[in-house]
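Each chain, written out:
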Amino acid sequence: MKANKQIEPTFRVIDYVRQVRAEMNELYQQDKAQYLARLNASMSDFLRRQSGAHSSHSFNG
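Heads up: these notes are all about the structure in this document. (Residues numbered from 1 in each chain as written. Predicted model: local features only at pLDDT ≥ 70, side-chain atom pairs only at ≥ 80, totals over all residues. Heavy atoms only, no water.)

A short note on helix H1 (residues 13–30)
At step 1: Under the 1.5 Å per step criterion, the end-to-end length of H1 is 26 Å for 18 residues, consistent within 8% with the ideal 26 Å.
At step 2: Along its length, H1 reaches its greatest deviation from straightness, about 35 degrees, at Met24.
At step 3: Residues of H1 that are buried include every one of Tyr16, Val20, Met24 and Leu27, and no others. (Helix = DSSP H or I, 4+ residues; strand = E, 2+ residues; numbered from the N terminus. Expected span 1.5 Å × (residues − 1). Bend = angle between axes of the 7 residues up to and from the residue. Buried < 20%, exposed > 50% of the residue type's maximum accessible area, 1.4 Å probe, protein only.)

Below, the structure written as structure tokens:
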């Protein structure tokens, strides 16, 4: 996944997964070791973005 310094105000999981899958398809065919390294980095990025999206929608009863 291309580096993005800003976290979008609205994070859509399905769009993110589709984008990563499209970017990674060709890499998987060419170099599986590099594919796995990027996949792990993308998962870390995903978890960071997801936690940011959840924290911005907290309920302050």
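Comments concerning the pattern of salt bridges
At step 1: A complete count under the given rule lists 2 salt bridges for this structure.
At step 2: Two residues, Arg48 and Asp45, come together in a salt bridge whose shortest N-O distance is 2.3 Å. Of this pair, Arg48 and Asp45 are both found in helix H2 (residues 32–55), 3 residues apart, which corresponds to roughly one turn of the helix.
At step 3: Its relative accessible area of 14% is what places Asp45 among the buried residues.
At step 4: Of the charged contacts, one joins Arg49 and Asp45 as a salt bridge, the two residues approaching to 3.0 Å between their closest N and O atoms. On the criterion of helical spacing, the pair formed by Arg49 and Asp45 is a turn pair, its members being 4 residues apart in helix H2. Exposure class is identical for Arg49 and Asp45. Each is buried. (Salt bridge = Lys/Arg side-chain N within 4 Å of Asp/Glu carboxyl O.)

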